Amino acid sequence: METLLLPLQFPFMQNAFLICMIISVPTALLSCFLVTKGWALMGDAVSHAVLPGIVLAYIIGIPLIIGAFVAGMTCAIATGYLSTNSRVKQDTVMGVVFSGMFGVGIVLYVSVETNAHLDHILFGNMLGVETHELWTAGIISGVVGLLLTLKWKDWLLHSFDPAQARASGLWVNWLHYGLLAILSLTIVATLSAAGLILAIGLLIAPGAIAFLTVRKFSTMLWVSVVVCMSSMLLGTYASFFLDSAPAPTIILIMTTLFIIAFVRRQALTRRTSMQRADDTLPGNI
C-alpha cells in the first residue's frame, strides 16, 4: 500500500494530478462539440498555430498565454474567412494555415535566444507545473466549463443545423466565433500539461469515446468528462512507475479506450443487424 501511495507524497506529482483534474473538464466538454460539428482538424490547426504567438509574446515581454490566444484566434478567423471566400474546402485551408503558422513559429523560435525549452511547449511539462500555472488553468477552465454548461443546447443546435439555429433567433456568428474563442482558451489552458501537439488528443478522444458509447448528447457530456479525467489521472499515475512522460501515456490510454469503444460499438451493431434479419425471416412473420 505504501508503494501504491508513493506518487502522492511528491509535490510535483500532486501538482500534476491537480492540473489533470483542472483541464480534463473543459477539454472533455469541448471535445463533444468538436466531434459533433466535425471540427477535429480545427482543434489541430489552432493547437499548432499558437506557437508563433508564444514566441512573439516572449520577444515582446508579455504573458505567453496572451500571445497564444491571439495567434489561435487569428488562425481560426483566417481559416473561416478563406474557406468562405474561396473555392478551396475548409479542411484544405486549415491544413495550409496551421502548417504555415507552425512553420513561422519554428523559424521565430530558432532565430531568438531563449531559455524556454521547445519540447516543453510542444509536448508539455506536466511534472514541472508551477502554482501560477495551476491558477491560470483553473480560471480558464472555470470560465470555459461554465459557458459550455450554460449554453450547451445553443451550441448543440448550431453544430447540427446552423440554419435552424439562425431561424430560431440565435446569434449564429456569436456562437461560431465564441466556440473558436473557447477552443483557443482551452488550448492555452492545456499548454503546461499536454503541450501543443498532444493537446489535440485531449480535445478529440474523450468526445469520440463518449460518442461511441452513448446516444444522448447530455449523457455524452458527462461521460466524456469521466473518461478524460480518469485517463489523465491514470496516465499520470502510471507514468511515475513506468518512468515515462505523463502526456504521451495519457494519450495512449485514451487511444486504447477508443479502440475498445469502437470494437464494442461494431459488435453491438452487428448483433442488432442479425436480430433484425432473424425477425424478418418468413417463419417469424
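The paragraphs below set out a description of the structure included in this document. Keep in mind it's a predicted model, so treat the numbers as computed, not measured. (Residues numbered from 1 in each chain as written. Predicted model: local features only at pLDDT ≥ 70, side-chain atom pairs only at ≥ 80, totals over all residues. Heavy atoms only, no water.)

**So, the packing of aromatic side chains**
Then, number 1: Enumeration over the complete set of coordinates arrives at seven aromatic pairs.
Then, number 2: Taken together, a centroid distance of 5.9 Å and an interplanar angle of 20° make the contact between Trp152 and Phe217 stacked. Here the residue Trp152 occupies a position in helix α7 (residues 152–160), and Phe217 occupies one in helix α11 (residues 217–242), the gap between them amounting to 65 residues.
Then, number 3: With a centroid separation of 5.3 Å and 85° between ring planes, the pair formed by Phe240 and Phe241 is classed as edge-to-face. (Phe/Tyr/Trp six-rings, centres within 6.5 Å; stacked < 30°, edge-to-face > 60°. Helix = DSSP H or I, 4+ residues; strand = E, 2+ residues; numbered from the N terminus.)

**Focus: a nonpolar patch on the surface**
Then, number 1: Together, Leu56, Tyr58, Ile59, Ile60, Ile62, Leu64, Ile65, Ile66 and Val70 line one region of the surface with nonpolar side chains, adding up to about 780 Å² of accessible area.
Then, number 2: Broken down by secondary-structure element, the contributors of at least two residues to the nonpolar patch are α2 (40–60) and α3 (64–84).
Then, number 3: Looking at where Leu56 falls in the secondary structure, it is placed in helix α2. (Patch = residues over 30% accessible without salt bridge, like charges linked within 9 Å, V, L, I, M, F, W, Y side chains within 5 Å. Areas by Shrake-Rupley, 256 points an atom, 1.4 Å probe, with all protein chains shown as cover. Salt bridge = Lys/Arg side-chain N within 4 Å of Asp/Glu carboxyl O.)

**Concerning the side chain of Thr27**
Then, number 1: When you line up the elements, Thr27 lands in helix α1 (residues 11–37).
Then, number 2: Given the relative accessible area of 0%, Thr27 is considered buried.
Then, number 3: A distance of 3.2 Å separates the side chain of Thr27 from the backbone oxygen of Ser24, its partner in a polar contact. (Buried < 20%, exposed > 50% of the residue type's maximum accessible area, 1.4 Å probe, protein only. Polar contact = N/O pair within 3.5 Å; in protein donor to acceptor, adjacent residues only side chain to side chain.)

**Structural notes on the nonpolar core**
Then, number 1: Counting residues in hydrophobic clusters, the biggest one holds 67 residues, and the most contacted among them are Leu30, Leu148, Leu183 and Met232.
Then, number 2: Element by element, the count of residues in this core is highest for α1, at 10 residues. (Core = buried A, V, L, I, M, F, W, Y, C linked by side-chain atoms within 4.5 Å.)

**Thoughts on α7**
Then, number 1: Buried within α7 are the following residues: Trp155, Leu156, His158 and Ser159. Viewed along the axis of α7, the buried residues span an arc of 165°, placing them on a single side of the element. Along α7, exposed side chains directed more than 90 degrees from the buried face belong to Lys153 and Phe160.
Then, number 2: Contacts from the buried residues of α7 go to α1, α6 (131–150), α8 (162–167), α9 (172–190) and α11. (Arc of directions from axis to C-beta. Contact = heavy atoms within 4.5 Å.)

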